[in-house]
Structures are given as C-alpha cells and as structure tokens.
Amino acid sequence: PRAPMSSAAAALLRGAVARAPALARAPAAPGSVRGFAAKTKSASPETPLMHYTATQQATSSINHRIFYVNVIAMVFVVDAGSSMLDL
C-alpha cells in the first residue's frame, strides 16, 4: 500500500516542479511593483506614540490580560515548587 502512495506523491511533485518555471516567468503588470505604495498616504500614525495616553478602557483591558498571565505564572511556580520539594 505504500508504493502507490509514494509514486502518486512523486508524480504530484514532478508536476509542480514542471509548472514552477512557467509561473516564475509570468510578467508583472507594469507599475504594480513600484507604485503600490505611492498612491497611499504615509505610514505615520495618527497619534504619535510619544504623546499617547491610554484611555481608562485600554488600561483596564491590558491589566485584565496581564492578570491572567500572572495567574498562569503563579500556578506554574507553585506546581514546579511543590514538585521539587515533594510536598
């Protein structure tokens, strides 16, 4: 049962390798490579990070996420410590 599966995989791989050069030579549309970013505005953020003050909702959200990271860390420390001390 293994030989037909491997020969089918080999045939599939050979077909993909045979098609790869044709895909690599496909011509790109003129101007699509260079001009994709020229039509948009600059990437500077609306609120510079040095002047950013978090809202109360954002602060609460971050604290809520960090709380769960701390809970997981404390569970790991207690579990590892009790296994080392054989309690």
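What counts as what
Residues numbered from 1 in each chain as written. Predicted model: local features only at pLDDT ≥ 70, side-chain atom pairs only at ≥ 80, totals over all residues. Heavy atoms only, no water. Helix = DSSP H or I, 4+ residues; strand = E, 2+ residues; numbered from the N terminus. Buried < 20%, exposed > 50% of the residue type's maximum accessible area, 1.4 Å probe, protein only. Areas by Shrake-Rupley, 256 points an atom, 1.4 Å probe, with all protein chains shown as cover. Patch = residues over 30% accessible without salt bridge, like charges linked within 9 Å, V, L, I, M, F, W, Y side chains within 5 Å. Salt bridge = Lys/Arg side-chain N within 4 Å of Asp/Glu carboxyl O. Expected span 1.5 Å × (residues − 1).

A closer look at the overall build of the protein
Scanning the protein for helices and strands turns up two helices and zero strands. A total of 87 residues make up the protein; the buried ones form 2% of that total. Counting every atom, the protein has about 8400 Å² of accessible surface; 69% of that belongs to carbon and sulfur.

Notes on a nonpolar patch on the surface
Taken together, Phe-67, Tyr-68, Val-71 and Val-75 make up a surface patch of nonpolar side chains, about 390 Å² in accessible area. Within the secondary structure, Val-75 sits in helix α2 (residues 56–85). Since its relative accessible area comes to 55%, Val-75 is described here as exposed.

Observations regarding α2
The α-helix winds at 3.6 residues per turn, so residues separated by three or four positions along the chain end up facing the same way. Between the first and last C-alpha of α2 there are 42 Å, a value that for 30 residues agrees with the 44 Å anticipated at 1.5 Å per step. Within two residues after α2, Asp-86 carries a phi angle of roughly 55 degrees, on the positive side.

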